[in-house]
Amino acid sequence: MKCFLPVLSCLAVLGVVSAQRQVAVQEGPLYRTEGSHITIWCNVSGYQGPSEQNFQWSIYLPSAPEREVQIVSTMDSSFPYAIYTQRVRSGKIYVERVQGNSALLHITDLQARDAGEYECHTPNTDERYFGSYSAKMNLMVIPDSLQSTAVRHTLHRVEQDPLELTCEVATETLQHSHLSVAWLRQRGGEKPVEVIALSRDFVLQSSSDYAQRQSLGEVRLDKLGSSTFRLTVFHLQPSDQGEFYCEATEWIQDPDGSWYPMTRKRSEGTVVNVQPTDKEFTVRLETDKRLYTVGEPAEFRCILEGQNTPDRYFAVSWAFNSSLIASMGPNAVPVLNSEFTHREARGQLKVAKESDNVFVLKIYHLRQEDSGKYNCRVTEREKTVTGEFIDKESKRPKNIPIIVLPIKSSISVEVASNASVVLEGENLHLSCSIRTAGRPLGRFSVIWQLVDRQNRRSNIMWLDRDGTVQPGTSYWERSSFGGVQMEQVQPNSFSLGIFNSRREDEGQYECHVTEWVRAVDGEWQVVGERRASTLVSITALETGFAVTAISRTPGVTYSDSFDLQCIIKPHYPTRVPVSVTWRFQPVGTAEFHDLVTFTRDGGVQWGERSSSFRTRTAIEKAESSNNVRLSISRASDTEAGKYQCVAELWRRNYNNSWTRLAERTSNLLEIRVLQPVTKLQVSKSKRTLTLVENRPIQLNCSVKSQTSQNSHFAVLWYVHKPSDADGKLILKTTHNSAFEYGTYAEEEGLRARLQFERHVSGGLFSLTVQRAEVSDSGSYYCHVEEWLLSPNYAWYKLAEEVSGRTEVTVKQPDSRLKLSQAQGNLSVLETRQVQLECVVLNRTSAASQLLVEWFVWKPNHPERETLARLSRDATFHYGEQAAKNNLKGRLHLESPSPGVYRLFIQNVAVQDSGTYSCRVEEWLPSPGGTWYRRAEDTAGQTAVQVVRPDAALQVDTVVPNATVSEKAAFQLDCSIVSRSSQDSRFAVAWYSLRTKAGGKRGSPGLEDGEEEGEEGEEEEEEDPTERTALLSVGPDAVFGPEGSPWEGRLRFQRLSPLLYRLTVLQASPRDTGNYSCRVEEWLPSPQKEWYRLTEEESAPIGIRVLDTSSTLQSIICSNDALFYFVFFYPFPIFGILIITILLVRFKSRNSSKNSDGKNGVPLLWIKEPHLNYSPTCLEPPVLTREDDVHSLCLKGKMPEGWLELGHIMKI
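Quick caveat: nothing in here was measured; it's all calculated off a predicted structure.

A.B. asks: Could you give me a rundown of the overall build of the protein chain, with the residues and numbers involved?
C.D. replies: Along its length, the protein chain carries 13 helices and 84 strands. Across the 1211 residues that make up the protein chain, the buried fraction comes to 43%. Long-range pairs, those at least 24 residues apart, make up 63% of the contacts in the protein chain between residues at least 6 apart in sequence. By element, 49% of the accessible surface of the protein chain is carried by carbon and sulfur atoms, the whole surface being about 64,000 Å².

A.B. asks: Describe unusual backbone geometry, and please don't skip the residues or the numbers.
C.D. replies: A cis geometry characterises the amide bond from Gly28 onward to Pro29, with omega recorded as 5°. When you line up the elements, Pro29 lands in the loop between strand 1 (22–25) and strand 2 (30–33). Residue Pro570 is reached from Lys569 by a cis peptide bond, and omega for that bond is -5°. Turning to its location among the elements, Pro570 is positioned in the loop between strand 44 (562–569) and strand 45 (578–586). Phi at Phe202 takes a positive value of approximately 65°, unusual for a residue other than glycine. For Phe202, the location among the structural elements is in the loop between strand 14 (193–198) and strand 15 (204–205). Here the phi dihedral of Ala332 falls at roughly 65°; this positive angle occurs in a residue that is not glycine. On the accessibility criterion, Ala332 (30% relative accessible area) is partly exposed.

A.B. asks: So what's going on with the sheet that holds strand 38 (residues 484–490)? Which residues, and what values?
C.D. replies: A sheet is described by the order of its strands in space; here four strands give the open sequence 32-34-39-38, paired in antiparallel fashion. The open sheet terminates on both sides in strands that have one partner only, identified here as strand 32 (411–417) and strand 38. With direction set aside, neighbouring strand axes in the sheet form an average angle of 20°. Note: strand 38 against strand 39 (residues 493–498), six bridges, orientation antiparallel. Following the sheet pairing, Gln490 is matched in strand 39 by Ser493.

A.B. asks: I'd love a proper account of the side chain of Arg478, names of residues and values included.
C.D. replies: As for its position among the elements, Arg478 is in helix 5 (residues 476–480). Side chain to side chain, Arg478 and Asp505 meet in a polar contact 2.9 Å long.

A.B. asks: Explain helix 2 (residues 82–89) to me, using residue names and the numbers behind them.
C.D. replies: The periodicity of an α-helix, 3.6 residues per turn, causes residues three or four places apart in sequence to face the same way. Taken together, the buried positions of helix 2 are Tyr84, Arg87 and Val88. Along the axis of helix 2, the buried positions cluster into a sector of 100°, meaning they face one direction only. Residues of helix 2 that are exposed and point over 90 degrees away from its buried face: Ala82, Gln86 and Arg89. Gly91 sits one or two positions beyond helix 2 and adopts a positive phi of about 85°.

A.B. asks: For the side chain of Thr287, give the residues involved together with the corresponding values.
C.D. replies: Structurally, Thr287 is set in strand 21 (residues 281–287). Accessibility expressed as a relative area gives 16% for Thr287, which makes it buried. A polar atom in the side chain of Thr287 sits 2.8 Å from the backbone oxygen of Glu299. Dropping the residues within four chain positions of it, Thr287 is found in contact with Tyr292, Glu299, Phe300 and Ile400.

A.B. asks: Describe the pattern of salt bridges, listing the residues and the values that go with them.
C.D. replies: Note that side chains of opposite charge can pair when their charged atoms are close. In total, this model carries 62 salt bridges according to the counting rule given. Its salt-bridge partner being Glu921, residue Arg933 comes within 3.0 Å of it at the nearest N-O pair. Of this pair, Arg933 sits in strand 73 (residues 931–938) while Glu921 sits in strand 72 (residues 914–925); the two residues are 12 residues apart in sequence, bridging distant segments of the chain. You can call Glu921 buried: its relative accessible area is 6%. Across the pair Arg1027 and Glu1097 runs a salt bridge whose closest N-O atoms are separated by 2.7 Å. Here Arg1027 is found in strand 79 (residues 1025–1033), whereas its partner Glu1097 is found in strand 83 (residues 1090–1097), with 70 residues between them in sequence. Relative accessible area serves as the criterion here: at 7%, Arg1027 is assigned to the buried category. Through salt bridges with shared partners, a single network forms among Arg284, Glu286, Asp288, Glu299, Arg301, Glu305 and Lys362.

A.B. asks: Would you mind going over the environment of Met328 in detail, with residue names and values included?
C.D. replies: As for its placement among the helices and strands, Met328 is situated in strand 25 (residues 323–328). Met328 has contacts with Phe314, Ala315, Val316, Val333, Pro334, Val351, Ala352, Lys353 and Phe359, leaving out every residue within four places of it along the chain.

A.B. asks: Quick rundown of the sheet that holds strand 8 (residues 116–121)? Include the residues and the values.
C.D. replies: One open sheet accounts for five strands, arranged 2-9-8-4-5; its pairing is mixed. In the strand order of this sheet, the two ends are held by strand 2 and strand 5 (69–73), each with one partner. Geometrically, the sheet is characterised by an average inter-axis angle of 30° between neighbouring strands, direction not taken into account. Contacting strand 4 (56–60) and strand 5, helix 2 crosses the sheet at an angle of about 20° to strand 5.

A.B. asks: Explain the pairing of strand 57 (residues 728–733) to me, and be specific about the residues and the numbers.
C.D. replies: Here five bridges tie strand 56 (residues 712–720) to strand 57, and the two strands are oriented antiparallel to one another. Looking at the pairing, Val719 lines up with Lys728 of strand 57. Bridging between strand 57 and strand 58 (residues 739–741) involves three bridges; their strand directions are antiparallel. Bridge pairing in strand 58 places Leu731 opposite Tyr741. Between strand 57 and the antiparallel strand that follows it, strand 58, lie five residues; Ser737 among them carries a positive phi value of about 70°.

A.B. asks: Before we move on, could you go through the nonpolar core and cite the residues and values that matter?
C.D. replies: Core analysis: the largest hydrophobic core is formed by 37 residues, its most contacted members being Trp582 and Tyr643. Secondary-structure elements contributing two or more residues to this core are strand 42 (546–550), strand 44, strand 45, strand 46 (593–598), strand 49 (628–632), strand 50 (641–652), strand 52 (669–674) and strand 62 (795–802). When neighbours within four sequence positions are excluded, Tyr643 is seen to be in contact with Phe562, Leu564, Trp582, Arg583, Phe584, Leu595, Phe613, Ile632, Asn667, Leu668, Leu669 and Ile671.

About the cut-offs
- Residues numbered from 1 in each chain as written.
- Predicted model: local features only at pLDDT ≥ 70, side-chain atom pairs only at ≥ 80, totals over all residues.
- Heavy atoms only, no water.
- Helix = DSSP H or I, 4+ residues; strand = E, 2+ residues; numbered from the N terminus.
- Buried < 20%, exposed > 50% of the residue type's maximum accessible area, 1.4 Å probe, protein only.
- Contact = heavy atoms within 4.5 Å.
- Areas by Shrake-Rupley, 256 points an atom, 1.4 Å probe, with all protein chains shown as cover.
- Pairing = 2+ DSSP bridges.
- Axes fitted to C-alpha atoms, helices over the stretch in contact; angles between N-to-C directions.
- Polar contact = N/O pair within 3.5 Å; in protein donor to acceptor, adjacent residues only side chain to side chain.
- Arc of directions from axis to C-beta.
- Salt bridge = Lys/Arg side-chain N within 4 Å of Asp/Glu carboxyl O.
- Core = buried A, V, L, I, M, F, W, Y, C linked by side-chain atoms within 4.5 Å.

Keep in mind these numbers describe shape, not what the thing actually does.
See the structure below:
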């Protein structure tokens, strides 16, 4: 590689490699580790154009080997793809240009995703494509598995002790690789020193500090097992003190055979302190010679020898003839005597510490007064705890005397040139002659220098005393190409040749001669210096450079010819090339582009946009001048525009490259080219077309006349809608019969329905729109363009014209949808099923789809509400009314035959009452395959009335009165004779009825806070009774509060499902009066909600409570006659009456046995009692069954089966 780049560069510069472009890239595959820094070189050769080429790098990832991913470019900052943009901008990926034709791709932090096939591409700069422009190589990125580990600790050893350290080195790389292991020692900020190393080729080596000790076996490196490396130093020295660490390197062999270090790892370090055993030191002074000539350098070295000197502190002082020159403390900072400070500032003297053991005094330019004795003194110092230094032992060597001799010279110099004024590009020759008064003392060194107009001095070339010629820094490259030459013509004559002179070569040329003599000790020194100069002026080539463009035919017609001439002044010699470029600005454009160039080497180079000119254009350059003529034949409108010529003055450089000295632009020449007159005519007739959808639309466009029999036509079909301002393009057929669909065809999906036809006659064009839709209605017309073939064989549009319009109207089929308009009335009981029917009598098309919607009008709601919907795809949907009335799950739809739809409402409720109807939408398929609603109709209405069951509640109205003694108990039975439903529940309340002075008769009610009667009931007539509630039991078996007069004295029993009993304990005279019970019947609705169906009230029950102070018993018992009158004589009569009553009661009880609860156990309902009052009747009760009352009064017992209300509530 090192040899390849220079050779390739030289060949490219000399023009040897100029035939074919060749791109070379570093051979792959390359294996590199993650996180490493990789470089890949790329070279190009055999190219033309500028010497500096551009490079573009791309990658083909393994996941997408066909897809190029751009990485970085030397010419385009926007070249990288997004995945690499950030890394390129941050400098982690960049291209280093080595030379103009060579570059390096750098990836500083290699990642696993960087693996792939890399391609180096060089953009074309040649006149034509010839050769290869890119090359590829593969990069494999593998994990960095190298490990170098050692235990970090600090060791203290004494001089001559052994040292043994180990290091573990391992790698898991799958590829074949070699390892190298090295032990290094580092002391402070010094550069690490290699102690011993095992190379990748398994060769042991050491640095110069340890090479001798390794050869003697004092330093060893042993490998223990597969990964352990042990360092052994058998006899430590004070110089071994420092930090020891292990460094491992993994190497892999590249395809070119070279070895590359993939990764390098360093282990933890071990600090080793070595204690010296001896403090003695010696000093000696050395110099190269004792005799010098003025101007020569001299060096004195003061060498310190002792053990562990780096860890000790020494001060050094230098003396000349017993006078102090300079001193230097342990910090190695010199302090010079005032006499030598100036010389040190001018760089003539230097005092320095070369190493821990060597101190140097250098005198770069000796003087005669420097002759004398030199010496140095070394003093060891000890550092105290406070940081101060204390002088200890001091030593100095013997003095070294030197002698400095003077030198003399007698020479003169003359300079001459071939011309004082030359034209740029001509050769310049200078000579420098040396004259001596006698025989030359020694040798000469000559320097040619140039002082320019700005008085800047630069070295051109010089020849040293040994005859070696060297160019100056700024002339090195020109000299390497032979552009500047210097030689010694004779022993005292030297010449300088500058070939192909440049403007910057103008100025004062000076020859500087130095005479050298050899001293006694054989050293060369300067005897004398002389210089001479001459002035040279250089005339610039571009002086008076001008260009003019002329033409005699500014206006031409198609197929005519015209000439353009570019005249260049002044006339230059043949060695000065001039390139001429004709530029062209077409009509209607604002920019010029290069048409053709007559290059500096006599070649013709066409511009990128000159393809239409090449076959009809000739370019000619005059032999006697640089004038260029451009001739164009068969002119067309593409040649119409403005022409201009640009001349460039060039100069060949020393390295065979070219420099453009000047550029001149001529005046503008405008050439006009005219087209023929058109004869195009298109038919303007108008027509009207009406059709039904799905039929074809036939459109015609007729060309009546044309300019030429070779005319071609481009036809554009448009449609204009009333809502649009302009027509929209449907289809375009170009002049070469290519089809292009317009925006309207794309938006409306017309591509599959369009058919274009050109008739044999050539002037008639037809467009057919298949399967017409309603949206296709509009005004259609065609736009015709006439095209002719230009002289340059390019088609151009000569004229255009628009045809007459065709008004097209597309209609939909007539609607024939019809539904049954039959009206209906339905009356159903709750929980039954309702059937609603919707019949389609006729429809527009058998292929149509129907959407059926059911809706209802509710009483007192003017707006209809959707009940259900059957979509076109036979999907059933619930409406908003279904959610409101809990119809979901109760609706069922079926279609027993086409066009017949039945909707069933199951388990109907009162709120389902209303007027029902259905609406049907008919949908037809459009020609484009979409569905549209063509018609809709509404069927006749069906009124549905949902009623509740008839009330059949009856309460026993034949109830006997009763008379009880004070403190006794009396019973109030409430017997239900019949009920409306077996699912009904009852609410029962008992009232005390008393007569009031006046007021209206109120509606009876329960004590649970519910209002009596439903809304809309008429007010009852006035009632003179006042009701007071004793106790109420709701349908949910919840008790109301007890009336205040009876609180704590009430006991409730449900003897059977239809028999309720209320027992009043501890009767008092205040309880005398009429009592009744009121029953409400409740039924469950279809929604499982309970409602009150009806209510009934029993006949009043008369209860009289006897006062114990004057009871009926005491009156009758005190009088025998009265006793027999009351109890004996009426007994048969009352017996017959009682037997009759008992028979009636017995029959009624048998009829109510079927209403008992399970197992004959009465139901008990419990609720915390509360008070409610109602008016009661004050009429005296009719007493019956005196014997029973009398018996209860005497025994004072409570009948069996009675339960105390308090005991029931506890349960």
